[in-house]
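Residue-level structure breakdown
Spelled out, the chains give:
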Amino acid sequence: MTDITIRRALLSVSDKTGVVELARALAEKGVELVSTGGTAKALRDAGLAVKDISELTGFPEMMDGRVKTLHPKVHGGLLAVRDDPAHAAAMAEHDIGAIDLVVVNLYPFEATVAKGAERDEVIENIDIGGPSMVRSAAKNHAFVAIVTDPADYALVADGSTTLTDRKLLAAKAFAATAAYDAMIASWFAFADQGQMFPETLPLTLKLGTTLRYGENPHQAAAFYKPAGPHTRGIGQARQVQGKELSYNNLNDADAALELVAEFRDAAPSCIIVKHANPCGVATAATLEQAYAEAFACDTVSAFGGIIAVNRPLDEATARAITGIFTEVVVAPDADEAAIALFAAKKNLRLLLTGDLPDPARAGLFAKSIAGGWLVQTRDNGANPELKVVTKRQPTAQELADCRFAWTVAKHVKSNAIVYAKDGATAGIGAGQMNRLESARIAAWKAKDAAEKAGWAQPRTIGSAVASDAFFPFADGLLAAVEAGATAVIQPGGSIRDDEVIAAADAAGLAMVFTGMRHFRH
């Protein structure tokens, strides 16, 4: 059987968007309308003839509406295989009429949780009858159409359905109940029971958009958004202009946003990211100055990079940014003059995020590996208590530069070394297999930046250096000494800490331990 003429439809929706118009179109086709509670009232108020579900079942709605559709005359009408003689006989014997269309969307569980409702109200917004009808109708899609999304009302409004459409609607229906159950399971596990790692981890995502390709052109890719409550981020940013975002754009823009969020309450700050690693970070009196300082750290890598700022974008900063090719700019907001300047760069994407996310927020980070998933809490560690371990105490400026470098190092791929001076990165060494090479690369990049800018010396002279993990040997620290660093911030915890501290003392460095590591793989 392919095409089905709709003779009876059951409508029971929480979101009443478009339901009156759909019911009117069905009624004009001679479809009998059956409904419940608030939906029935809305249809009657619109002048439509509606049969209450209690008329169909012979039982009143009871227990505050908890029991109304859980009845053989409902589920028999949904589940009966119409061309099976035994099913047909059972329908006749028990006076069960066929239901050809079910239009259901579920109690607003997510919205109830989001508004901070008390536990009893949250529990009352767990739908039971709705998902049961959805699943019954979806299972029997050979004969019944199930609509869970108002966007699909047009597929059934003409009073008939095709098998192709019913298959599509059934797939969406099972996905809808799966997502609904996952939200409930997540609430019970995390909010109600306070479990960090529940026995089953519900993860439900909805397609945001398909992408042109993945990390490489031979890879297919898509962007999914959480189905339930979530923190606003790159996925919720408003794209003001520019061509479609790619997989790499989204990944890099997220890295930039996560780092700039660390400075959301700081002075004007600018982050430049390339391949998910920061290549320049600075704070200054103005955004324009912060961009100039961040750009000066690595003018080569900044080409084709991602820029994020912690203040609404102004015209002067936008003009400076347009001086080179930039893929994406991320900002909380932008003034009209800045937007107008960017409009001349048709390929530049401008993303406006609104409030920056809280870097200290809780949450889980998941990564797929062959045969499973690795799940951990977010690295939201910040402002650790510092312990001075050298004979020399750091100056106030050195301590400020240490904290700045440490914040940036948290967002650099390991092994990570970051030199910083006066609120700007001087050199960044990322992703090397040993810490010594990261220290040398960061120093070399600082020297290269000085030569390009015509400075008398690299900014590593008199800088603070941060290491995302402990120095296993003194060689990495000695490379920092050679680069001109005068202060060091690192977690500590190596079996050779005494050797490293002695090397720092011999060089006259000030060194602080954080007791906190920031590996980022």
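These remarks concern the structure in this document. The structure presented is a predicted model; accordingly, all values stated were derived computationally and were not measured.

**As for the overall build of the chain**
A count of helical and extended segments in the chain gives 17 helices and 23 strands. For the chain, the C-alpha radius of gyration of 30 Å lies well beyond 24 Å, the compact-globule estimate for 521 residues. Its C-alpha atoms give the chain principal-axis dimensions of roughly 95 × 55 × 40 Å. Counting over 521 residues, the chain shows a buried share of 47%. In the chain, the proportion of contacts linking residues at least 24 apart, taken out of those at least 6 apart, comes to 56%. Of the roughly 24500 Å² of accessible surface on the chain, 53% is carried by carbon and sulfur atoms. Separation between the mean location of the 51 positive side-chain charges and that of the 61 negative ones in the chain comes to 3 Å.

**Re the environment of D149**
Positionally, D149 belongs in the loop between strand 6 (145-147) and strand 7 (160-161). Taking the C-alpha atoms as reference points, D149 and T17, 132 residues apart in sequence, are found 9.8 Å from one another. A distance of 2.9 Å separates the side chain of D149 from the backbone nitrogen of A151, its partner in a polar contact.

**Details of the nonpolar core**
Soluble globular proteins tend to bury their nonpolar side chains together. Judged by nonpolar contacts, the single largest core of 40 residues is most densely connected at I271, V330, L351 and V408. Looking at this core, the elements with two or more residues in it are helix 10 (247-261), strand 11 (269-274), strand 13 (305-309), strand 14 (326-331), helix 14 (396-409), strand 19 (417-421), strand 21 (464-467) and strand 22 (487-490). Setting aside chain neighbours within four positions, we find I271 in contact with A256, L259, V260, F263, G280, V281, I306, I307 and A308.

**Here's the deal with helix 1 (residues 19-28)**
Taken as a whole, helix 1 has its buried residues at V19, V20, L22, A23 and L26. Down the axis of helix 1, the buried set is contained in an arc of 160°. They therefore lie on one face. Opposite its buried face, helix 1 presents the exposed residues E21 and E28, each directed more than 90 degrees away. Looking at the buried residues of helix 1, the elements they touch are strand 2 (8-13), strand 3 (32-35), helix 2 (37-45) and strand 5 (101-105). Just downstream of helix 1 lies G30, where phi reads positive at about 85°.

**Concerning the packing of aromatic side chains**
Any pair of aromatic rings gets described here by the distance separating the centres and the angle formed by the planes. For the coordinates displayed, the defined rule picks out six aromatic pairs. Note on F109 and Y180: the rings are 6.4 Å apart at their centroids and 70° apart in plane angle, and the pair reads as edge-to-face. One end of the pair, F109, is in helix 6 (residues 109-114); the other, Y180, is in helix 9 (residues 163-192), with 71 residues separating them in the sequence. Looking at F109, the relative accessible area reads 2%, which means it is buried. Y180 gets classed as buried once you look at its relative accessible area, which sits at 6%. Between F263 and F404, the aromatic rings sit 5.5 Å apart at their centres with planes inclined by 50°, giving tilted as the arrangement. Of the two residues, F263 is situated in the loop between helix 10 and strand 11 and F404 in helix 14; the sequence distance between them amounts to 141 residues. Owing to a relative accessible area of 8%, F404 belongs among the buried residues under this scheme.

**Re a nonpolar patch on the surface**
A cluster of nonpolar side chains, namely F190, M196, F197, L201 and L364, defines an oily patch on the protein surface of about 450 Å² accessible area. With respect to the secondary-structure elements, L201 resides in the loop between helix 9 and strand 8 (205-211). In this structure L201 comes out as partly exposed when scored by relative accessible area, which is 39%.

**Digging into the side chain of T317**
Counting through the fold element by element, T317 comes out in helix 12 (residues 315-321). Those residues in contact with T317 that sit more than four places away from it in its chain are L287, E288 and Y291.

**Topic: the pattern of salt bridges**
Taken as a whole, this structure holds 21 salt bridges when the rule is applied. A salt bridge links E258 to R378, with the nearest nitrogen and oxygen atoms 3.4 Å apart. Of this pair, E258 sits in helix 10 while R378 sits in the loop between strand 17 (372-377) and strand 18 (387-388), and the two are 120 residues apart along the sequence. Classification of E258 as buried rests on a relative accessible area of 15%. Put simply, K452 and D448 hold a salt bridge, and the shortest N to O gap is 2.6 Å. Taken as a pair, K452 and D448 lie in helix 15 (residues 435-453) at a separation of four residues, close to a single helical turn. Since its relative accessible area comes to 48%, K452 is described here as partly exposed. Overlapping salt bridges bring together R8, E32 and K51 as one network.

Here is what the cut-offs are and how they apply
- Residues numbered from 1 in each chain as written.
- Predicted model: local features only at pLDDT ≥ 70, side-chain atom pairs only at ≥ 80, totals over all residues.
- Heavy atoms only, no water.
- Helix = DSSP H or I, 4+ residues; strand = E, 2+ residues; numbered from the N terminus.
- Rg over C-alpha atoms; globule rule 2.2 N^0.38 Å.
- Buried < 20%, exposed > 50% of the residue type's maximum accessible area, 1.4 Å probe, protein only.
- Contact = heavy atoms within 4.5 Å.
- Areas by Shrake-Rupley, 256 points an atom, 1.4 Å probe, with all protein chains shown as cover.
- Lys, Arg positive; Asp, Glu negative; His and termini not counted.
- Charge placed at Lys NZ, Arg CZ, Asp CG, Glu CD.
- Polar contact = N/O pair within 3.5 Å; in protein donor to acceptor, adjacent residues only side chain to side chain.
- Core = buried A, V, L, I, M, F, W, Y, C linked by side-chain atoms within 4.5 Å.
- Arc of directions from axis to C-beta.
- Phe/Tyr/Trp six-rings, centres within 6.5 Å; stacked < 30°, edge-to-face > 60°.
- Patch = residues over 30% accessible without salt bridge, like charges linked within 9 Å, V, L, I, M, F, W, Y side chains within 5 Å.
- Salt bridge = Lys/Arg side-chain N within 4 Å of Asp/Glu carboxyl O.

Treat this as a map of the structure, not an account of what it does.
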